[in-house]
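Breakdown of the fold
Here's the letter readout for the chains.
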Amino acid sequence: MRARGLEMASKDCVKVAVRVRPFNKRERDAGSRCIISMTSNNISIQDPRNPQNSRAFTFDYTYWSHSGFSRNKDGLFVPEETGGRYADQASVFLDLGQGILDNALQGYNATLLAYGQTGSGKSYSMVGYGPNKGLIPTLCERLFQSIRSMQDSRQCQVFFSMLEIYNEQVVDLLSKTSRSVSGLRVREDQQRGFYVEGLRRVPCDSAVQVEQLMDQGTRTRTTAATHMNANSSRSHMLIIIQLKQIFSKECITKQSNIYLVDLAGSERQRSSGSEADRLKEGTAINLSLTTLGNVISALADMTLGKKVVHIPYRDSVLTKLLQSALGGNSRTVMIATLSPADICYEESLSTLRYAERAKRIQNKAVVNESPTERLVKELKAENAKLLLRLSRMGQEGRKADDETKELRRLLTHNELQIRAIQTLWEQHLQEALKDWETQYATITQERRMMQMHPYIMNINEDAQLSGVVKLFIQEGEWDIGLADNSPRSLCIRGLGIQEKHAVFSNQQRRVSIAPVSGSKVIVNGVQISKRIELQHLDRLVLGSNSTYLFIGFPSERSGEDWSRYDYDYFQSELAAAEGFHIQSLCDNQGHRPHQPDPSLLAVFYDYIKLMPMVTEANQMSTELKKGVEFKLEIKNLAMSDSKGHDLEKDIAVRVTSVESKQVWMWSKAKFVNRKFLMEEVYQQQVVGGEGADRAPLPRDRDPFWDPLETLHLGSAHLWLQSLAFRIPLEEQVEVVGPEGTEEAILQAQLVPCSPTGLPLGEDDILIDPSELLGKRLDFQLVLDQCCGLRWVKEARNRGVQIGFQVFDCPQPLYTPAVWHNVNPLLDHRVQFSALRTSQELLNYLQSNALVLELWGLQEGCSELVSCMDGVKMTQEDSIIIDKISASEHLAAESGVSDLSSSLRALHQDLEQLRNANAALKKENSALREQLNSARNGVENNRGRQERRGSLRPSCDAEFAKALKVFYHSMTSVRGQLQRLRRHKPSEEADLLGLRLFVDEHTYLLKDFSEQLEQCVTTLKQDVAAIVRRKREKSGIWS
Ligand SMILES: Nc1ncnc2c1ncn2[C@@H]1O[C@H](COP(=O)(O)OP(=O)(O)OP(=O)(O)O)[C@@H](O)[C@H]1O
Ligand SMILES: [Mg+2]
């Protein structure tokens, strides 16, 4: 297509609109807060973790579709009050849709893109749901209205195409023939630019016809999604409407392409692209979206005057097709959709940033004219000339027969060509209409069946694709599965579906389902092994993850809202059946169920999102004979940091080789990435059929395989407080795994010592830790033995190492590896020295624990090595810690903040008080000595005894000893508390089990309180005894 004169080109910035949707069920359940606010064209987003921190943006249009609406009798969402701020579908159309339409009618290319995270409302805005029609259907309706109202002045031709880009493959959603494995090709033409070769263009002349085509496209998309075991939210959907307007009188033809694009969920771009993975290169899933981002950034930079060498249009299919929409010949609008909820903050902020960049793009739109139409114009002009010549010839009466004949032949030829061009369109239209009529008959038939029979309908992760497939269960028996060789079989595709998977029976107005042996059928979250009767709105999962809702007989349907049985509902139900529900997660953490912690909720939703993907990965592993199993785990569920605070929870996937028992832990992002690559391999090797690539993959390209790594098994806490008193500590600490399991028991010691490593005695125990300030502190960490290693019990060819990081030591240190032993001796001793103990170190000792990380080794993986870069040692080979002394630290910060200066003042006060205290102590002891010597004069015998008494340990030493006893008993109390926290009833516990659990719990609790009581009583008694003795000594009671 050629532009009519560059003089008409004008610079148009991409117009950007932002729309925020209502809370969805998930967000409402979570008690989410709305963090988006809008005033006129400004929008601001608040950081839920730091409410003072909010970011403001300005766009061409903003739409508040979050609140202030109601559903009217026709099911439309409209503003609650007239003039309310709620932006309904009609008002969004008025700004954006009408603009696109006006531009197209003027002969400009126009593009409308929807961008946003999954579930943010892209499809709602573009396509719509039910009566709430989105921009595309309304635009088509208005387009045909306009065409009709203008039919006197022009003849219009509309061609409709619909395609999907998934994994860089183009799928024609309107194609009548079956999809080719590699999809359609994108080609480049000098005149047309990039185009999809062989894409079906359906001539249309009514909005109903377009709607029907869209339904057909959605149906293809749904089946394509199940064939590919793919998640539709990862694909981009493009609708291309070509509008040709022929102004016969003016001999002008205007042609415009309207691109309507519903992009894949934007979060995928981050979740699978951000983390380092050995196989990252192979990931094409987000190539289109990532490249779109790169193109937008490059174009935005260009507008800002930055030097841009290259705009990477050619890097992806999507950007090739959108080349004219971005920076080219098109009037372009982007609608960025947002979730209002606090849990989506990161994604929403990234969407807003993306949108802000997009609004800087400058296009150069021109009115288009096609060469074919110019030909008509030229032919018509030529005909006019020929006619003139003929008539002149007649007038002149010259009988030039040959010339006249030739002229007439030319004329007829030209007229035929003109007519051919016009009739071609009519023919196309007739064919399309015929096609459409057959389609329409099928749909009418389906509607009739729905009114007569029970059926199952598909539920898809993408709400747009739910309810598209309906399988009717008429009277009698019906096989369901891959096979479609009998008239009484219902054919479905999907992972884990067998040739004959299950049998439905509809007899005496009762419907039941029976699984065929070896196939997986889940009804309402529970796997069934024998025939069961189905009730209206039962949830069915067939195979790995083919989800269907059962709709009973028409008499059983009472107009209830089925929309609550969405994909999330199915997955939550499955998770609950596995004992994983939001309450359990919250209870575990001591949160009240009504106020779940947003980070826990995020974990919960990640869990239910990944759960079906894990099932599918397992199925692919089985079918491809990969011999690995995938299992979801919650990282850090029972873990805490060195201060004892809970660590942020996250989802991880444990991968186990069934045969060799080798284990890998994959992050969520890595798993999502790998799952996609697995689909690709599966697609090539299993679904591809004849000619598919069945050669085994080399290991380095196998998404199921990874080189072995050390595995983090769990951690134990060794509290450092005793070191502040220079009291030695010897403990048996429990190494707790991410989900709270006991991984091992570790015998460890903290031994205060002299610089040369000699253990300090009881007389060195401090009562006031602040006495350490500015003084040297040496201590040894001794790791004696590890007992009951679960990791090695599971497979003897494994080993372990312990890692730890002390205070400001720059690197973690590791013990040497110990292999093949469940109770290995470690006998590892490291000495640390603080040359001048700072306040920071003292605070650290008093409030932190040394976290001892247990690392699992497997045969063939490399061991962890302590890196000594930046580590300083004393002459005695002790590691120096606390390198910045308190005074230096304060000096560095002095004058910087008021806080540090007031802290310094406090320190000075403290120092003065300490000095005063020391002086008073001195005076006191001097007085006591005087008193004693005075007494000595009277009672010599008693005096001798007193002196002997002073050989007994001092009161301070006794006090320190009492403290030591107290610390030791507190350690076991703390252990008891941890056991109590982890003590939970078993998931299958019945009433009796629960009663037993309660009894046991009560016992543990009693034990705990007794231990605690005893601990405190002993301390009280010891202290009382010391005080008594002290008073006796100072003679107060004598
Ligand atoms: N403005 C809105 N008003 C009412 N409901 C909405 C609105 N926007 C979205 N929804 C609802 O939110 C759900 C998700 O929306 P939608 O399917 O449009 O998301 P999406 O962005 O297309 O997601 P995906 O990337 O997965 O395709 C749907 O059930 C839809 O009805
Ligand atoms: Mg969508």
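Residues numbered from 1 in each chain as written. Chains lettered and ligands numbered in written order. Predicted model: local features only at pLDDT ≥ 70, side-chain atom pairs only at ≥ 80, totals over all residues. Heavy atoms only, no water.

Under an unreviewed UniProt entry, the name given to the protein is Kinesin-like protein 6, and the organism recorded is Cirrhinus molitorella. If you open the UniProt record of the protein and go to Function (unreviewed entry), you find "Microtubule-dependent motor protein required for mitochondrion morphology and transport of mitochondria in neuronal cells." (UniProt positions renumbered as here; feature names shortened; annotations may be inferred.)

Per the secondary structure count, the protein includes 23 helices and 46 strands. Scored against the burial criterion, the 1038 residues of the protein give a buried share of 47%. For the protein, the proportion of contacts with a sequence separation of at least 24, taken over those separated by at least 6, is 69%. When the accessible area of the protein is evaluated, it comes to approximately 51500 Å², of which 51% is carbon and sulfur surface. (Helix = DSSP H or I, 4+ residues; strand = E, 2+ residues; numbered from the N terminus. Buried < 20%, exposed > 50% of the residue type's maximum accessible area, 1.4 Å probe, protein only. Contact = heavy atoms within 4.5 Å. Areas by Shrake-Rupley, 256 points an atom, 1.4 Å probe, with all protein chains shown as cover.)

Here we take up the nonpolar core. Membership of the largest hydrophobic core comes to 53 residues, with the highest contact counts inside it found for Phe 804, Phe 832 and Leu 852. Sort the elements by how many residues they give to this core and strand S40 (residues 777–787) lands first, with five residues. Excluding residues within four positions of it along the chain, Phe 832 makes contact with Leu 777, Asp 778, Phe 779, Leu 781, Phe 804, Val 806, Leu 813, Ser 878, Ile 879 and Ile 881. Judged by nonpolar contacts, the second largest core, of 51 residues, contains Ala 30, Met 449, Leu 574 and Leu 624. (Core = buried A, V, L, I, M, F, W, Y, C linked by side-chain atoms within 4.5 Å.)

One pass over the structure, following the stated rule, counts 29 salt bridges. Close ionic contact of Glu 446 with Lys 470 constitutes a salt bridge, the shortest N to O distance being 3.6 Å. Within this pair, whereas Glu 446 is found in helix H11 (residues 401–450), its partner Lys 470 is found in strand S24 (residues 470–472), the two being separated by 24 residues in sequence. Taken as a pair, Glu 446 and Lys 470 share a single burial class, namely buried. Notably, a salt bridge pairs Glu 616 with Lys 675, separated by 2.7 Å at the nearest N-O pair. Of this pair, Glu 616 sits in helix H14 (residues 598–623) while Lys 675 sits in helix H15 (residues 668–687), and the two are 59 residues apart along the sequence. (Salt bridge = Lys/Arg side-chain N within 4 Å of Asp/Glu carboxyl O.)

Before going further, it helps to examine the sheet that holds strand S5 (residues 42–46). Within the open sheet, the three strands sit side by side as S4-S5-S6. Their pairing is antiparallel. Two strands in the sheet have a free side with no partner beyond their single neighbour: strand S4 (36–39) and strand S6 (54–58). Across the sheet, the axes of successive neighbouring strands diverge by a mean angle of 20 degrees, strand direction being ignored. Bridging between S5 and S6 involves five bridges; their strand directions are antiparallel. Bridge pairing in S6 links Gln 46 to Ser 54. (Pairing = 2+ DSSP bridges. Axes fitted to C-alpha atoms, helices over the stretch in contact; angles between N-to-C directions.)

Turning next to the site of ligand 1. Taken together, 16 residues lie around ligand 1, and Gly 119, Lys 122, Ser 123, Tyr 124 and Tyr 129 are the ones closest in. Between ligand 1 and Thr 118 there is a distance of 3.5 Å, counted from an oxygen atom to a side-chain nitrogen or oxygen. One nitrogen or oxygen atom from the main chain of Ser 120 is found 3.2 Å from an oxygen atom belonging to ligand 1. Burial of ligand 1 by the surrounding chains reaches 84%, relative to a free accessible area of 630 Å². (Near = heavy atom within 4 Å. Polar contact = N/O pair within 3.5 Å; in protein donor to acceptor, adjacent residues only side chain to side chain.)

A few words on the UniProt feature "binding site: ATP" (unreviewed entry) in the protein. In this structure's numbering, the residues bearing the UniProt feature "binding site: ATP" (unreviewed entry) are Gly 116, Gln 117, Thr 118, Gly 119, Ser 120, Gly 121, Lys 122 and Ser 123. Looking at the secondary structure, you find Gly 121 in the loop between strand S10 (110–116) and helix H3 (122–126). For Gly 121, a relative accessible area of 15% gives the class buried. Mapped onto the elements, Ser 123 comes out in helix H3. Ignoring any residue separated from it by four or fewer positions in sequence, one finds Ser 123 in contact with Gly 128, Tyr 129, Asp 262 and Gln 464.

This part is about the confidence of the model for the protein. Per-chain confidence: the protein averages 83 in pLDDT, with 83% of residues scoring 70 or above. Predicted confidence is poor over residues 941–952, with pLDDT under 50, and the contacts of this stretch with residues over four places away or in other chains come to four contacts. (pLDDT = per-residue confidence, 0-100.)

A few words now on the sheet that holds strand S35 (residues 650–657). Within the open sheet, the three strands sit side by side as S34-S35-S36. Their pairing is antiparallel. Pairing within the sheet leaves two strands with one partner each, and these edge strands are strand S34 (628–635) and strand S36 (663–667). Neighbour to neighbour, the strand axes of the sheet diverge by 30 degrees on average, direction disregarded. Both S35 and S36 contribute to a ladder of five bridges, which runs antiparallel. Residue pairing for S36: Arg 654 is matched across the bridge by Met 665.

Looking at the element boundaries, Phe 247 is found in strand S18 (residues 236–247). When its relative accessible area of 10% is taken as the criterion, Phe 247 is described as buried. Note: C-alpha distance between Phe 247 and Ser 153 (94 residues apart in sequence) is 6.4 Å. Those residues in contact with Phe 247 that sit more than four places away from it in its chain are Ser 153, Arg 154, Ile 252 and Lys 254.

Along the polypeptide, Ser 546 turns up in strand S33 (residues 546–551). Discounting chain neighbours no more than four positions away, the residues touching Ser 546 are Arg 493, Gly 494, Ile 497, Leu 540 and Val 541.

This part is about the packing of helix H2 (residues 89–106) against helix H4 (residues 135–149). Contact geometry of H2 with H4 gives a least axis separation of 10 Å together with a crossing angle of 45 degrees. Between H2 and H4, the interaxial angle falls into the category oblique. Once H2 is placed against H4, the crossing between them reads as right-handed. In contact with Val 92, Phe 93, Leu 96, Gly 97, Gln 98, Ile 100, Leu 101 and Leu 105 of H2, H4 contributes Leu 135, Thr 138, Leu 139, Arg 142, Leu 143 and Ser 146. Class assignment for the residues of the contact of H2 with H4 results in nine nonpolar, four polar and one charged. (Parallel < 35°, antiparallel > 145°, perpendicular 65-115°, else oblique. Left-handed = near helix turned anticlockwise from the far one by under 90°. Nonpolar A, V, L, I, M, F, W, Y, C, P; charged D, E, K, R; others polar.)

Another point: H4. Side chains of residues three or four places apart in an α-helix project in the same direction, reflecting 3.6 residues per turn. The end-to-end C-alpha distance of H4, which contains 15 residues, comes to 21 Å, matching closely the 21 Å that a straight helix rising 1.5 Å per residue would cover. When we look at burial in H4, the residues that qualify are Leu 135, Ile 136, Pro 137, Thr 138, Leu 139, Cys 140, Leu 143, Phe 144, Ser 146 and Ile 147. (Expected span 1.5 Å × (residues − 1).)

A separate point is the packing of aromatic side chains. Aromatic ring pairs are reported here in terms of the distance separating the ring centres and the angle at which the planes meet. Taken as a whole and assessed by the stated rule, the structure comprises 14 aromatic pairs. Taking the centre distance of 5.4 Å and the plane angle of 50 degrees together, the rings of Tyr 455 and Phe 472 count as tilted. Within this pair, whereas Tyr 455 is found in strand S23 (residues 455–458), its partner Phe 472 is found in strand S24, the two being separated by 17 residues in sequence. With a relative accessible area of 10%, Phe 472 lands in the buried category. When the ring of Phe 630 is compared with that of Phe 704, the centres are 6.3 Å apart and the planes differ by 50 degrees; the resulting orientation is tilted. On the criterion of sequence distance, the pair formed by Phe 630 in strand S34 and Phe 704 in the loop between H15 and strand S37 (711–719) is long-range, its members being 74 residues apart. (Phe/Tyr/Trp six-rings, centres within 6.5 Å; stacked < 30°, edge-to-face > 60°.)

What follows covers the state of the cysteines. According to the stated counting rule, one finds zero disulfides in the structure shown. With no disulfide of its own, Cys 786 lies closest to Cys 787 among cysteine sulfurs, the gap being 7.0 Å. (Disulfide = S-S within 2.5 Å.)

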